[in-house]
Amino acid sequence: MDATIKAVVEAIHASPTQAVLFISGGASQALGWLLSVPRASRTVLEARVPYSKMSMLHLLHKVPSQYVNSEVADEVALAAYNHALTLSRSVGASVAGIGLTGALISSSPKRGDHRCHIAARTQSCILKYDLVLSKGWRDRFGEENVTSRLLIKAVSDICGITMTVPLDLDEIHDTLHASRSDFTEDEQLDQLVNGETCMISYSGKQTIAGPIKGRRFILSGSFNPLHEGHLKLLDAACSVAECVPCFEMSAINADKPPLTVNEIKKRVGQFTERGKTIIVTNQPFFYKKAELLADSSFVIGIDTAIRLIDPKYYEGSHAKMLEVLMGIQKLGCDFIVAGRKVAECYQTLEDVQIPAQLRPMFKAIPKEDFRADISSTELRQKPGWKLGML
């Protein structure tokens, strides 16, 4: 690694961007460069080489018609991006997915071009690089070096770094095409609702690069509207431990049509205008939320806790209920439970029979720390209510 590449890698690690890289068929030297410079763990969440056809099949969940082209690089970058979203625990950090597919010189001559395709994906844009190398000008090491430099350029570009990365291309014999496409907020939300991406985070007052201190405490709901009870509930939960408070809303409902883009934006606005962090996902069930937001505590009311342990929501099977909830537990998640009125009677966790295997998953918020009996549904039924009222 020369001094110029090292300086660019240092700048990458100094940026707030965290990335997952999936590369196949080239740029192997770039992984060594990224990982050999100190503070690599600030940037690289995971790096994977899906080299075999079966590995690529498992990554994309399909057999691509061709393994080395721009479209496959886009799909690999999208898979890396969604994986990065589930791995990053930094508040407000930019998250990126980098995908590369390549066909370089090998022991037997190739009929097609020696080439590589790179895509770098974030929430708001995708950068694409399509490189065709002249045959016979370099050995495998040389082609690996050029594609590695291009991968470093892609990572630095997606991190917003303006330093020049020397690519060592031959202007006559090598061909590079680079492009950028930006996504509007509506397009980003469409991608979420359609299942292309798995979540979008709207940061609150703070943007914290690097590992966060404390556990994520997440209050999920429809927030139609957000009200004082929601805010006080999350504050009460966070008073028992150092944590990072977040709200979460699913754009997909289990028994209703998906939220429209305009409705999502309207509900999200209730949080952003108050400097609160909200994560919008497309998973309405807690066991799926836990897969996206592992190692978190979900803040819930006692009515939700009662439903969580009721076998009737698991096809009447007590065993399936235990299996689902213990699966959530294995992902490092648990529940912080607040008391509330249920059928005109105020109930707390002490009033509920939690199966012995699940008791460690449920922790109570003391009654003296929080009590709010009004719900969003009751608020909407009040005369003159309006979205976002407190």
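This text goes with the structure placed above it.
All figures in this text were calculated on a predicted structure; none of them were measured in a lab.

Basis of the calculations
- Residues numbered from 1 in each chain as written.
- Predicted model: local features only at pLDDT ≥ 70, side-chain atom pairs only at ≥ 80, totals over all residues.
- Heavy atoms only, no water.
- Helix = DSSP H or I, 4+ residues; strand = E, 2+ residues; numbered from the N terminus.
- Buried < 20%, exposed > 50% of the residue type's maximum accessible area, 1.4 Å probe, protein only.
- Contact = heavy atoms within 4.5 Å.
- Pairing = 2+ DSSP bridges.
- Axes fitted to C-alpha atoms, helices over the stretch in contact; angles between N-to-C directions.
- Arc of directions from axis to C-beta.
- Expected span 1.5 Å × (residues − 1).
- Polar contact = N/O pair within 3.5 Å; in protein donor to acceptor, adjacent residues only side chain to side chain.

Overview of the environment of A120
Relative to the assigned elements, A120 resides in strand β4 (residues 114-121). Judged by its relative accessible area of 0%, A120 is buried. In sequence terms A120 and C198 are 78 residues apart; their C-alpha atoms lie 17 Å from each other. Beyond its immediate sequence surroundings of up to four residues, A120 is in contact with G97, I98, C125, I126, L127, A154 and I158.

Quick word on the sheet that holds strand β8 (residues 215-220)
The sheet built from seven strands is open, its strands ordered β7-β10-β9-β8-β11-β12-β15 with mixed pairing. A strand with exactly one partner marks an edge of an open sheet, and here the two such strands are β7 (199-202) and β15 (362-364). Adjacent strand axes in the sheet meet at a mean angle of 30 degrees when their direction is disregarded. Where strand β9 (residues 243-250) lies against strand β10 (residues 278-281), four bridges are found, and the strand directions are parallel. Pairing of F247 across the sheet is with I278, part of β10. Where helix α7 (residues 228-238) meets the sheet, its contacts fall on β8, β9, β11 (296-301) and β12 (334-338), and the angle it forms with β9 comes to roughly 145 degrees.

Overview of helix α3 (residues 53-60)
Among the residues of α3, those classed as buried are M56, L59 and L60. Down the axis of α3, the smallest arc covering the buried residues is 80 degrees, so these residues share one side. Turned more than 90 degrees from where α3 packs its buried face, M54 and H58 sit exposed. As for α3, its buried residues are in contact with β1 (18-24), β2 (44-48), α4 (70-87) and β3 (95-103). Positive phi shows up at H61, right after α3, with a value of about 60 degrees.

Some details on helix α1 (residues 3-14)
In this model, α1 (twelve residues) spans 17 Å end to end at C-alpha, consistent with the 16 Å of a helix rising 1.5 Å per residue. Taken as a whole, α1 has its buried residues at I5, V8, V9, I12 and H13. In a view along the axis of α1, the buried residues occupy a sector of 140 degrees, so they form one face of it. On its buried face, α1 is in contact with α2 (28-36) and α5 (140-158). In this structure D2 caps α1, since a side-chain oxygen of it lies 3.2 Å from the backbone nitrogen of T4.

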